[in-house]
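# What the coordinates show
These are the residues of each chain, in order.
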Amino acid sequence: SDASFLKEVVKMLLWLNDYEKMNHLIGICDIKVQNLPFIKFMKACALAHLGSLDEAEEILMENGGLDIPDIREGENSTSQVYLFIQQKRAEQKGIPFDPQKIQVPFLLDLRMSGD
């Protein structure tokens, strides 16, 4: 039930690429903690890497795009996960993937651009 502790643990597990453990820990947490935007994002990240692309994208796209107050402008983690999902879908279909041609949804695209 300690959201701050869980955030640090899932960040560490992300760094270790232990997506199964991330997904498991989030799943056994209090529902209030599971519904925190950052925790939802981490669940989407874990699910994407575990191959549950539709479920991961559904979480990312809820309410027009998951708004995550813990993530600041310039950080690219949300756009990276979205692009990862699109890349895996392209691979499944056997089509070329060009991240420059993918429109990342507004709320997920915190990348800084020179445009």
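Scroll up to find the structure.
Within each chain, residue numbers correspond to sequence positions counted from 1 in written order. In keeping with the model being predicted, local features are shown solely for residues with a pLDDT of at least 70 and side-chain atom pairs are shown and tallied solely at 80 or more, while totals for entire chains, interfaces and linings include all residues. Processing note: side-chain calculations cover all non-hydrogen atoms of the structure and skip hydrogens and water entirely.

### With respect to the overall build of the protein chain
To keep it simple, the criterion reads: Working definition: helices are DSSP H or I runs of at least four residues, strands are E runs of at least two. Numbering for both runs from the N terminus. The size measure is the radius of gyration over C-alpha atoms, and the globule rule it meets is 2.2 Å times the number of residues to the 0.38 power. Only protein chains enter the accessibility calculation, which uses a 1.4 Å probe. A residue is then buried if its area is under 20% of the maximum for its type, exposed if over 50%, and partly exposed in between. In what follows, a contact means two residues having at least one pair of non-hydrogen atoms within 4.5 Å. Using the Shrake-Rupley algorithm and a 1.4 Å probe, accessible areas are obtained, with residue cover drawn only from the displayed protein chains. Note on charges: Lys and Arg go in the positive column, Asp and Glu in the negative column, and His and the chain ends are not counted at all. To locate a charge, the coordinates of NZ of Lys, CZ of Arg, CG of Asp or CD of Glu are taken.
If you tally the helices and strands in the protein chain, you get 6 helices and 0 strands. Secondary structure elements of the protein chain occur, N-terminal to C-terminal, as α-α-α-α-α-α. Over its C-alpha trace the protein chain gives a radius of gyration of 14 Å, about what one expects of a compact globule, namely 13 Å for 115 residues. In terms of overall dimensions, the protein chain has C-alpha extents of about 40 × 30 × 25 Å along its principal axes. The 115 residues of the protein chain split such that 38% are buried. Look at the contacts in the protein chain between residues 6 or more apart in sequence, and 58% of them connect residues 24 or more apart. When the accessible surface of the protein chain is totalled, it reaches about 7,200 Å², and 51% of it is carbon and sulfur. Of the charged side chains in the protein chain, 12 are positive and 18 negative; the average position of the first set lies 1 Å away from that of the second.

### Structural notes on helix α5 (residues 53-60)
What counts here: Here, the arc refers to the directions that run from the helix axis to the C-beta atoms.
Every buried residue of α5 is listed here: Leu53, Ala56, Glu57, Ile59 and Leu60. Relative to the axis of α5, the buried residues are bounded by an arc of 155° and lie together on one face. Turned more than 90 degrees off the buried face of α5, the exposed positions are Asp54 and Glu58. The elements touched by buried residues of α5 are α4 (37-49) and α6 (77-93).

### Quick look at the state of the cysteines
Let me state the cut-off plainly: By definition, disulfides here are pairs of cysteine sulfur atoms that lie within 2.5 Å.
One pass over the structure, following the stated rule, counts 0 disulfides. Lacking any disulfide linkage, Cys29 is separated from the closest cysteine sulfur, that of Cys45, by 16 Å. Owing to a relative accessible area of 19%, Cys29 belongs among the buried residues under this scheme. Among the residues examined, Cys45 registers a relative accessible area of 3% and is labelled buried.

### Quick notes on the nonpolar core
The condition that has to hold: In these notes, a set of buried Ala, Val, Leu, Ile, Met, Phe, Trp, Tyr and Cys residues joined through side-chain atoms within 4.5 Å is what counts as a nonpolar core.
One finds Phe38, Phe41, Met42, Leu60, Val81 and Ile85 to be the most contacted residues of the largest nonpolar core, which totals 32 residues. A per-element tally of this core places α4 first, with 9 residues. Non-local contacts of Val81, meaning those with residues more than four positions away in its chain, are made with Phe41, Cys45, Ala48 and Leu60.

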